[in-house]
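# Examination of the molecular architecture
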Amino acid sequence: MSAPTVARLAASTPAASIALPRSVILHTAAELTYAGCDDLTSIVHFAAPSQHAAGRVNTVSLDTATGQIHCECKGAECGQVCWHRCYVVAAWQRHQAVAEARALTNAKLLKYGKKHAFFVANYRARVGRAGEYDAVRLLAARWEYRQRRALAAMPPAA
Ligand SMILES: [Zn+2]
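Residues numbered from 1 in each chain as written. Predicted model: local features only at pLDDT ≥ 70, side-chain atom pairs only at ≥ 80, totals over all residues. Heavy atoms only, no water.

For the zinc ion, the full set of protein donor atoms is Cys71 (SG), Cys73 (SG), Cys82 (SG) and His84 (ND1), at a range of 2.1 to 2.3 Å. Viewed at the metal, the 4 donor atoms of the zinc ion are separated by angles of 106 to 115°, and the geometry they form is tetrahedral. In the primary sequence, the donor residues of the zinc ion line up as C-x1-C-x8-C-x1-H. A residue pair is termed long-range when its members are at least 10 positions apart, and Cys73 in the loop between β4 (69-71) and α2 (74-77) and His84 in helix α3 (residues 83-94) qualify at 11 residues. You'll find Cys73 and His84 in the same group, each marked buried. (Donors = N, O, S within 2.8 Å, 3.2 Å for Na, K, Ca; no water. Tetrahedral: all angles 85-135°; square planar, octahedral: opposite > 155°, others 65-115°. Helix = DSSP H or I, 4+ residues; strand = E, 2+ residues; numbered from the N terminus. Buried < 20%, exposed > 50% of the residue type's maximum accessible area, 1.4 Å probe, protein only.)

The next thing to look at is α3. Taking 1.5 Å as the rise per residue, α3 with 12 residues should run 16 Å; its terminal C-alpha atoms sit 16 Å apart, in good agreement. The complete set of buried residues in α3 reads Trp83, His84, Arg85, Tyr87, Val88, Ala91 and Trp92. Where α3 is buried, its residues meet β2 (43-49), β3 (57-63), β4, α4 (96-102) and α6 (132-153). (Expected span 1.5 Å × (residues − 1). Contact = heavy atoms within 4.5 Å.)

It is characteristic of soluble globular proteins that their nonpolar side chains tend to be buried jointly. One finds Leu32, Val44, Phe46, Val60, Leu62, Val88 and Trp92 to be the most contacted residues of the largest nonpolar core, which totals 33 residues. Of all the secondary-structure elements, those providing two or more residues to this core are β2, β3, β4, α3, α4, α5 (106-127) and α6. A total of 7 residues in this core trace back to one element, the largest contributor, which is α6. Filtering out sequence-adjacent residues up to four positions away, Leu32 remains in contact with Phe46, Ala47, Ala48, Val60, Trp83, His84, Tyr87, Val88 and Ala91. (Core = buried A, V, L, I, M, F, W, Y, C linked by side-chain atoms within 4.5 Å.)

Here we come to α5. End to end, α5 covers 31 Å across 22 residues, agreeing with the expected 32 Å (1.5 Å per residue, within 8%). Among the residues making up α5, those that are buried are Leu109, Tyr112, Gly113, His116 and Val120. An end-on view of α5 places all buried positions within 95° of arc, on one side of the element. Turned more than 90 degrees from where α5 packs its buried face, Ala107, Leu110, Lys111, Lys114, Phe118, Ala125 and Arg126 sit exposed. (Arc of directions from axis to C-beta.)

For sheets, the rule is that strands pair by backbone hydrogen bonds, running either parallel or antiparallel. If you walk across this open sheet you meet the 4 strands as β1-β2-β3-β4, and the pairing is antiparallel. Looking along the sheet, the strands with just one partner apiece sit at the ends: β1 (33-38) and β4. For this sheet, the mean angle separating the axes of adjacent strands, direction not counted, is 20°. Alignment of β2 against β3, held across 7 bridges, turns out to be antiparallel. The residue of β3 that forms the bridge with His45 is Ser61. The strands touched by α3 are β2, β3 and β4; relative to β3, the strand with the most contacts, the crossing angle is about 60°. Where α6 meets the sheet, it contacts β1, β2 and β3, and its direction lies at approximately 85° from that of β1. (Pairing = 2+ DSSP bridges. Axes fitted to C-alpha atoms, helices over the stretch in contact; angles between N-to-C directions.)

Here we take up the environment of Gln68. Turning to its location among the elements, Gln68 is positioned in the loop between β3 and β4. By relative accessible area, which is 14% here, Gln68 ends up buried. Separated by 25 residues in the primary sequence, Gln68 and Ile43 have C-alpha atoms spaced 9.1 Å apart.

Following this line, the structure appears as structure tokens:
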């Protein structure tokens, strides 16, 4: 899998400005399979087989810190908004690590995040890269923390 760089993600359209394509009704978030993450860039990758080219796998990436989305499918290459982009946030929210983080109290979420940050740093110091299990849970903890902080910052409904 060729992982997009941060610069390529930065050039992508923010998730909030995506208009829904007609193909979105033909797909679901469950069709996107988790394909890895990078704790240093906060980017998670999901993949789905191409509907148009046999053997091709499309990779869509979400920067969990900024919300930027990048897809490598033919539609996205042609400037179209693809269903992968529409569903990558939902696919991430369906991930087991995010579900685990979501179920925690604020105090336990902090402890959970610190534990996985420690394991990620420790593993990287030993073998030069983070362990996948801890890296995705660290990103999930940070994601959940940001979601709660954003929710807390919203004005109360009238
Ligand atoms: Zn796409």
